Amino acid sequence: MTEHTIPTTYGLRLSGERTDPAPLGDERQALTESLEYYRRTFELKCAGLDPGQLSERSVPPSTLTLHGLLRHLTGCERWWFRIQFAGEAVPNLYYSDDDPDQDFTALDGDVGEAFSLWHNECERSREIVAASPLERTGTRLSTGEPFTLRWLILRMIGEYARHIGQADLIRERIDGATGE
C-alpha cells in the first residue's frame, strides 16, 4: 500500500469570476444562466493546473481525470446540442463503437486544444439555444423519441453538476485546492 501525502497547497481555495443565475429570472434565463454557471465552475476546477496534472488519474485503476472530464463534456455538448437536437451532420468526439470510453482512456493530444474545442462546442451550443424556443424538439437517436430544448438544458445542467462533484475530488487530490 502506498502512502499518499497531503499536497503542500492543502487548504488553497479556488476562486474566479463567476456569475450566479438571477434569482428572479424567467424560465429561459434561469436555465441558460444555470448551465453557464456550471460550465464556468468546471473551468475553474481545472484552472492553474498543468497538462500532466489535468491528466492525472484520480484513484487508479479508475480512468477518471480532469482532462477526461473535459473531453467527455465536450463530446456531450456536441452530441446533445448539435447532433441530436439541431440535427447537424458532424462526427462524434472522443467516441466510437469500438472504444466508447476513449474520452477517459485516450488522453493523447494537447490539453490546450481540448479546452479550445470545448469552448467552441459550448459557443455552438449557446447559438443553438439562442435560436430555438424551449418547446422545440430534437430526436434521441438511440430511441427515436423526441425531447424538448427545455429538457436538454436540464439534462446538461445535471451532467455538469454530476461531473463537477467528481472534479472537486480530483482537484483536491491533485493539489489540495477546494472551493468554487
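Quick look at the structure, then.

1. Side note on the overall build of the protein
Stage number 1. Regarding its fold elements, the protein presents six helices and two strands.
Stage number 2. In the protein, the succession of helices and strands from N to C terminus is α-α-α-α-α-β-β-α.
Stage number 3. Taken over 180 residues, the protein has a buried fraction of 40%.
Stage number 4. When contacts within the protein are restricted to residue pairs at least 6 apart in sequence, those whose partners lie at least 24 apart make up 72%.

2. Some remarks on the nonpolar core
Stage number 1. By size, the foremost hydrophobic cluster in this structure holds 36 residues, and its most contacted members are Phe42, Leu66, Phe81, Ile153 and Tyr160.
Stage number 2. Secondary structure elements with two or more residues in this core: helix H1 (27–46), helix H3 (66–85), helix H5 (111–130) and helix H6 (149–175).
Stage number 3. A total of ten residues in this core trace back to one element, the largest contributor, which is H6.
Stage number 4. If we ignore the near neighbours within four places in the chain, the residues touching isoleucine 153 are Leu31, Thr32, Leu35, Phe81, Val129 and Leu134.

3. Topic: the packing of aromatic side chains
Stage number 1. Taken as a whole and assessed by the stated rule, the structure comprises seven aromatic pairs.
Stage number 2. Taken together, a centroid distance of 6.2 Å and an interplanar angle of 40 degrees make the contact between phenylalanine 85 and phenylalanine 147 tilted. With a gap of 62 residues between them, phenylalanine 85 in helix H3 and phenylalanine 147 in strand S2 (residues 146–148) connect regions that are remote in the sequence.
Stage number 3. Judged by its relative accessible area of 5%, phenylalanine 147 falls in the buried class.
Stage number 4. Linked through ring pairs, Trp80, Phe85, Phe147 and Trp151 together constitute an aromatic cluster.

Calculation notes
Residues numbered from 1 in each chain as written. Predicted model: local features only at pLDDT ≥ 70, side-chain atom pairs only at ≥ 80, totals over all residues. Heavy atoms only, no water. Helix = DSSP H or I, 4+ residues; strand = E, 2+ residues; numbered from the N terminus. Buried < 20%, exposed > 50% of the residue type's maximum accessible area, 1.4 Å probe, protein only. Contact = heavy atoms within 4.5 Å. Core = buried A, V, L, I, M, F, W, Y, C linked by side-chain atoms within 4.5 Å. Phe/Tyr/Trp six-rings, centres within 6.5 Å; stacked < 30°, edge-to-face > 60°.

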